[in-house]
Amino acid sequence: MGLFGMHSYMVHVEIDISGGLPHFDIVGLPNTSVSEAKERVRSAIKNSGLTFPVSRITVNLAPADTKKEGTVYDLPMLIAVLVASHQIHSVPETAAFIGELSLGGELRRVNGALPMVIEAYNNGITDVFVPEENAYECSVVEGIHVYPVKNIKQIVSHLEGKEKILPALYTPKEEVLETLLDFADVKGQFEAKRAIEIAAAGGHNILLIGPPGSGKSMLAKRISTILPDMTFEESLETTKIYSISGKLSKDTPLITKRPFRSPHHTVSPVGLSGGGAIPKPGEISLAHNGVLFLDELPEFARTTMEIMRQPIEDGVISISRAQATVTYPCSVMLVCAMNPCPCGYYGHPTRECTCPRGSAERYLSKVSGPLLDRVDIHIEVPPVDFESLSDDERGEKSADIKKRVNKARLIQQKRLEGTGISCNAHMTASQTREFCKLTDDAKDMLKVVFDRLSLSARAYDKILRVARTIADLEASETVNEEHVAEAVQYRSLDRKFWGK
Ligand SMILES: Nc1ncnc2c1ncn2[C@@H]1O[C@H](COP(=O)(O)OP(=O)(O)OP(=O)(O)O)[C@@H](O)[C@H]1O
Ligand SMILES: [Mg+2]
Ligand SMILES: [Zn+2]
């Protein structure tokens, strides 16, 4: 099995053994890795008490024209040598092999085993042999036997019918450790919490803006506790990315909780978008089907924000390499937090902003307009008042908010079935018009608001999408005046801070 980006494919190992001077050749692999692979295969065979044939051996990895990288071909090549030299009698047509060898004949874990096993299954493979450490991760794929292999002796014994390896069994673990964060800890801030609930329900990008210490980071960090449950397809997609990145832990073979990634503002372009010799997914893809949180947004370099613009819009990111381009999905909910100015008190109800004139404007303009344009909901997080802070009563628990979010998301999934998207935020302009039918009153109201605030067409779509989500939270089929009125509120910061 091979892997390039998210794309896996079958690789066939062909082998020819003939008389003549002893020689071992591999074709179909990039030159740089051939010599090392040869050495591993040869040593692993010898150190497992088997014989490396003294003949002329040529191994071909087909198809020759696909790019092959990494060390996953070690095991299939070794098996081919053993079959050709009659040390293994036969291998079923429907078996596949993945794994890197140590010189001593042990199997080492590889990255990206899960997407390869899925592809194997799609190609009619019934038995796949993987390094023991990868087995549990791959066992989530149903309908295929995943055999955990420790070393060469063990797999030879299995294939020879002597001592069988037991296939790995997937046993989903109950989530034992409840997360420690909860919205109940956040006092007051009802409007911010409401906006976050809407954002989570519809998958809308959201920006929190407010003075220092008002609780922006605190709120944002709790978003993952109310995100809607993942569908199985979403879980599998996100898990593939973590598999490729080598970030799957042994205990969680299948990611069932939406990821929450918060890269620091010093993150490098490669760290964010992905890259490297063997292109790996970056933060933006690791957040796939979850949240990408950018705290202190204006601190991010302009170039960094520019890199994110297109992927955030498209839900996929392409990484260009010298020879080829890989594409990773990055369907994320973007959450940004920021102060309105360097001192943080611009627009504050009681405190004076101490920044020199013009610096607040400069600060705000650091946030790239096109990025801002992709944010559906803007919310001001005001300083918490003393009364709320000293109130002993705990707020609503995350678990209760999440129930509402889940309900609203299910309604969207049903409505959008067959469109390839599953939440309101991802509706195209035409889908927005189709699915956000306004009542007559709502239409009239929106028209008045529009003329008065001179909003753009883009703002119009955003208001419709957010209004749709607000209606879904109430399980209302139609979008009415109240829904629109609330959605309009979430655009007001454009004017307050950006003068739009
Ligand atoms: N609404 C609140 N309820 C309870 N505690 C709060 C609330 N708001 C703020 N705090 C307390 O204040 C601390 C600072 O909040 P937080 O770091 O979220 O502020 P911030 O808005 O991100 O500020 P900055 O702009 O400086 O990053 C929190 O860790 C928390 O202890
Ligand atoms: Mg903060
Ligand atoms: Zn200021």
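These numbers come from a predicted model, not from an experiment.

Asks: Is there a simple way to explain the overall build of the protein in this structure?
Replies: Helix and strand counts for the protein come out as 20 helices and 19 strands. Taken along its principal axes, the extent of the C-alpha atoms in the protein is 90 × 45 × 45 Å. Within the protein, the fraction of its 500 residues that count as buried is 43%. In the protein, the share of contacts with a sequence separation of at least 24, taken over all contacts with a separation of at least 6, comes to 73%.

Asks: Which parts of the structure should I look at to understand the sheet that holds strand 5 (residues 56-62)?
Replies: The strands making up a sheet associate through backbone hydrogen bonding, with each pair oriented either parallel or antiparallel. Read from one edge to the other, the open sheet built from 3 strands follows the order 3-5-4, with strand pairing classed as mixed. Whereas interior strands pair on both sides, the edge strands pair on one side only; in this sheet they are strand 3 (12-18) and strand 4 (23-27). Strand-to-strand twist in this sheet, taken as the mean axis angle between neighbours without regard to direction, amounts to 15°. Judged from the 5 bridges that link them, strand 4 and strand 5 form a sheet pairing that is parallel. Across the sheet, residue H23 finds its bridge partner in strand 5, namely R56. Set on the sheet, helix 2 (residues 74-84) makes contact with strand 3 and strand 5; between it and strand 3 the angle comes to about 40°.

Asks: Mind showing me how you'd approach the packing of helix 3 (residues 113-122) against helix 8 (residues 232-244) here?
Replies: When two helices pack together, their arrangement is given by the angle between their axes and by how far apart the axes lie. Here helix 3 crosses helix 8 at 125°, and the two axes come no closer than 7 Å. Between helix 3 and helix 8, the interaxial angle falls into the category oblique. Between helix 3 and helix 8, the contacting residues are A113, L114 and P115 on the first element and T239, K240, S243 and I244 on the second. Broken down by class, the residue content of the contact of helix 3 with helix 8 amounts to 4 nonpolar, 2 polar and 1 charged.

Asks: What should I look at first to understand the domain arrangement of the protein in this one?
Replies: Often, the extent of an interface is quoted as the loss of accessible area on bringing the components together. By domain assignment, the protein separates into domain 1 (2-159) and domain 2 (183-393). The C-alpha centroid of domain 2 is placed 41 Å from the C-alpha centroid of domain 1. In this complex, domain 1 contributes 15 residues to the contact, which on the side of domain 2 involves 17 residues. Among the elements of the structure, helix 3 and helix 4 (132-138) are those that each provide at least two residues to the side of domain 1 that touches domain 2. Top element by residues in the side of domain 1 that touches domain 2 is helix 3. It accounts for 3 residues. In terms of residue class, the side of domain 1 that touches domain 2 is made up of 7 nonpolar, 5 polar and 3 charged.

Asks: Sorry if this is basic, but what is going on with the sheet that holds strand 18 (residues 333-338) here?
Replies: What the 5 strands build is an open sheet, ordered 12-15-18-11-19; its pairing is parallel. The two strands at the open ends of the sheet, each matched to only one other strand, are strand 12 (260-261) and strand 19 (377-380). Note: strand 11 (residues 206-209) against strand 19, 4 bridges, orientation parallel. Looking at the pairing, L207 lines up with H378 of strand 19. Set on the sheet, helix 6 (residues 190-202) makes contact with strand 11, strand 18 and strand 19; between it and strand 19 the angle comes to about 165°.

Asks: Would you mind showing me how to read the site of ligand 1 here?
Replies: In the region of ligand 1, 15 residues are neighbours, and P212, G215, K216, S217 and M218 sit closest. Among the residues making up the shell around ligand 1, the classes are represented as 4 nonpolar, 9 polar and 2 charged.

Asks: Any chance you could explain the pairing of strand 10 (residues 145-149) here in plain terms?
Replies: Regular strands have side chains that alternate between both faces of the sheet. Within strand 10, 4 of the 5 residues are buried, leaving the element largely enclosed by the surrounding structure. In this sheet, strand 10 lies alongside strand 9 (residues 127-131) in parallel orientation, the contact comprising 5 bridges. For F129, the partnering residue across the bridge sits in strand 10 and is Y147. For the handedness criterion, the β-α-β arrangement of strand 9, helix 4 and strand 10 is classed as right-handed.

Asks: Could you clarify how one ought to interpret the environment of L410 in this entry?
Replies: Along the chain, the position of L410 falls in helix 15 (residues 398-415). Of the residues examined, L410 has 15 C-beta atoms within 10 Å and is grouped as partly exposed. Along the primary structure L410 and A201 are separated by 209 residues, whereas in three dimensions their C-alpha atoms are 9.4 Å apart.

Asks: How should unusual backbone geometry be read in this particular structure?
Replies: Excluding glycine, a negative phi dihedral is what most residues carry, and trans is how most peptide bonds are arranged. That bond from A62 to P63 is cis: its omega, 0°, falls within 30 degrees of zero. Tracing the chain through its elements places P63 in the loop between strand 5 and helix 2. Despite not being glycine, Q189 has its phi angle at roughly 50°, a positive value. Within the secondary structure, Q189 sits in the loop between helix 5 (152-159) and helix 6. Since 24 C-beta atoms lie within 10 Å of it, Q189 is described here as buried. You will see that A475, though not glycine, has its phi angle at about 55°, which is positive. Structurally, the position occupied by A475 is in the loop between helix 18 (457-473) and helix 19 (481-489).

Asks: Is there a simple way to explain helix 15 in this structure?
Replies: Structural remark: α-helix, 3.6 residues per turn; residues separated by three or four positions point the same way. Taking 1.5 Å per residue, 18 residues should reach 26 Å; helix 15 reaches 26 Å between its end C-alpha atoms and fits that length. For helix 15, the complete set of buried residues consists of S398, I401, V405, A408, R409, I411 and Q412. With its buried residues spanning 155° around the axis, helix 15 presents them on a single face. Seen from the buried face of helix 15, the exposed residues on the opposite side, beyond 90 degrees, are D400, K403 and K414. Buried residues along helix 15 sit in contact with helix 6 and helix 18.

Asks: Help me understand the confidence of the model for the protein in this model?
Replies: The predicted structure's coordinates, where accompanied by low pLDDT, should not be read in detail. Per-residue confidence for the protein averages 86 on the pLDDT scale, and 93% of its residues sit at or above 70. Element-level mean pLDDT values for the protein span from 59 in strand 1 (residues 2-4) up to 96 in helix 6.

Asks: I keep staring at the packing of helix 17 (residues 440-453) against helix 19 and nothing clicks. Help me out?
Replies: The interhelical angle for the contact between helix 17 and helix 19, taken along N-to-C directions, is 25°, at an axis separation of 8 Å. In terms of orientation, helix 17 lies roughly parallel with respect to helix 19. Mapping the contact onto sequence places D441, A442, M445, L446 and V449 in helix 17 and E481, V484, A485 and V488 in helix 19. Its residues assigned to classes, the contact of helix 17 with helix 19 comprises 7 nonpolar, no polar and 2 charged.

Cut-offs applied
- Residue numbering note: each chain is counted from 1, following its sequence as written.
- Here every chain gets a letter starting at A, and every ligand a number starting at 1, in the order they are written.
- With pLDDT at 70 or above as the cut-off, local features in this predicted model cover only qualifying residues; side-chain atom pairs require 80 or more to be listed or tallied, and sums for whole chains, interfaces and linings still use all residues.
- Secondary structure elements follow DSSP: runs of H or I of four or more residues count as helices, runs of E of two or more count as strands, with numbering from the N terminus.
- To sort residues by exposure, count the other C-beta atoms lying within 10 Å of each residue's C-beta; 20 or more gives buried, 12 or fewer gives exposed, and values between give partly exposed, all with C-beta atoms placed from the backbone.
- C-beta atoms are placed from the backbone for every residue, and two residues are taken to be in contact when these atoms lie within 7 Å.
- One bridge is not enough; two strands pair if DSSP finds at least two bridges between them.
- Between the N-to-C directions of two axes lies an angle of 0 to 180 degrees, each axis being a line fitted to C-alpha atoms and, for a helix, fitted only over the stretch in contact.
- By the definition adopted for this analysis, an angle is roughly parallel if under 35 degrees, roughly antiparallel if over 145, roughly perpendicular if from 65 to 115, and oblique otherwise.
- Amino acids outside the nonpolar list (Ala, Val, Leu, Ile, Met, Phe, Trp, Tyr, Cys, Pro) and the charged list (Asp, Glu, Lys, Arg) are all regarded as polar, and Gly is one of them.
- The domain limits used here are those given by an automatic or database domain assignment.
- Contact assignment follows one rule, namely that a residue is near a molecule or strand if its backbone-placed C-beta atom lies within 6 Å of it.
- Whether a crossover is right-handed depends on one test, that the path from the first strand over the helix to the second runs clockwise when the strands point away from the viewer.
- A helix's residues, less one, multiplied by 1.5 Å, set its expected span.
- Each C-beta atom gives one direction from the helix axis, and the arc is the one those directions make.
- Summary of the metric used: pLDDT quantifies the predictor's per-residue confidence within the range 0 to 100.

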